[in-house]
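Chain residues, written in single-letter form:
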Amino acid sequence: MALIPASQARGLFTQSLTTVYKQIPPVKNFLKKFFPYKTSNSRYIYWAVRREGEPIAIDVLRGTEGNRNTFSIETDKIVDPPYFNENFDITQTDLYYRAWNSALVDDSIMSEWMAWVAEHMKSVTNKIERAYEKQRSDVLLTGIVTLTDGTVIDFKRNALSKVDLGAGSYWDQATVDPITIIDTACTYLRTYGKADGGNFNVIMGENALKAFLANAKVLARGRDFYMKLSDLSMPKLDSDGAAYHGRSEEHTSELQSR
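Quick notes on the rules
Residues numbered from 1 in each chain as written. Predicted model: local features only at pLDDT ≥ 70, side-chain atom pairs only at ≥ 80, totals over all residues. Heavy atoms only, no water. Helix = DSSP H or I, 4+ residues; strand = E, 2+ residues; numbered from the N terminus. Expected span 1.5 Å × (residues − 1). Buried < 20%, exposed > 50% of the residue type's maximum accessible area, 1.4 Å probe, protein only. Polar contact = N/O pair within 3.5 Å; in protein donor to acceptor, adjacent residues only side chain to side chain. Phe/Tyr/Trp six-rings, centres within 6.5 Å; stacked < 30°, edge-to-face > 60°. Lys NZ or Arg CZ within 6 Å of the ring centre and 35° of its normal.

**Topic: helix α4 (residues 178-191)**
(1) Moving on: With 14 residues, α4 should cover 20 Å at 1.5 Å per step; its first-to-last C-alpha distance of 20 Å lies within 8% of that length.
(2) Moving on: Buried within α4 are the following residues: P178, I179, I182, C186 and Y188.
(3) Moving on: Capping the start of α4 is the job of one residue whose side-chain oxygen sits 3.1 Å from the backbone nitrogen of I179: D177.

Printed below as a string of structure tokens:
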């Protein structure tokens, strides 16, 4: 057992705690990859939206005035973002009193206490990261984030983009073709959402994935065609919490589950 002066232990705690804390792997959030990340020093968040289609220019006679273009006014949105303040009392453990009960500090006890503090710091940080993930999920599901104080952050999702197929039309029905439904969704995203590229991510919950894999039309499609339009491989669990299941090339959709 090694003893060091308490004055030196304070500096050791600060330096070692930083080291321990940085060695703990950060939380992996699957939905974070779908959202831009930007840090700002201002309190309020502001963004502007202007929707534009895909118009085509019309040729005109030479020497005429030409076609004057007009553009829609931007929709501005300013919100006071959520604020998190998680804390805990680092003295509420027997290790604290054992480490600081005299002018000389046992370095082994100090190490245990620092590990305890680092673990709990990461625990409260994880709570905030999970709150971010919950908000991302709310945006994808409804387009609305509701804060504890009642503040509603509405991203104005188009009602047609929030479809509930209804009883009798879910994927666990033998007469329902999930590929056709996914194709319709991809067409909507391309036609109305103006999505670029030919790849679309399909995120399924556990029950949806089970229904998809057991669906009669999906099984028949994979059995009757050797064209790999439905190439489902063994799930590959990503480190951020999702499993990749393969591709369906109606619109080149990637199938993932959480």
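**Section: the packing of aromatic side chains**
Between two aromatic rings, the relevant description is the distance of the centres plus the angle of the planes.
(1) Moving on: Enumeration over the complete set of coordinates arrives at five aromatic pairs.
(2) Moving on: Their ring planes at 85° and their centres at 5.6 Å tell us that F84 and Y132 sit as a pair that is edge-to-face. In this pair, F84 is assigned in the loop between β3 (75-79) and α2 (94-99) and Y132 in helix α3 (residues 107-141), connecting sequence segments 48 residues apart.
(3) Moving on: For Y132, a relative accessible area of 33% corresponds to the partly exposed category.
(4) Moving on: For the pair F88 and W116, a centre-to-centre distance of 6.0 Å together with 75° between the ring planes defines the contact as edge-to-face. Of this pair, F88 sits in the loop between β3 and α2 while W116 sits in helix α3; the two residues are 28 residues apart in sequence, bridging distant segments of the chain.
(5) Moving on: Overall, F88 belongs to the partly exposed group, its relative accessible area being 27%.
(6) Moving on: Judged by its relative accessible area of 18%, W116 falls in the buried class.
(7) Moving on: Over the ring of Y37 we find K32; its NZ or CZ atom is 5.0 Å from the centre of that ring.

Shape is all these values report; function is a separate question.
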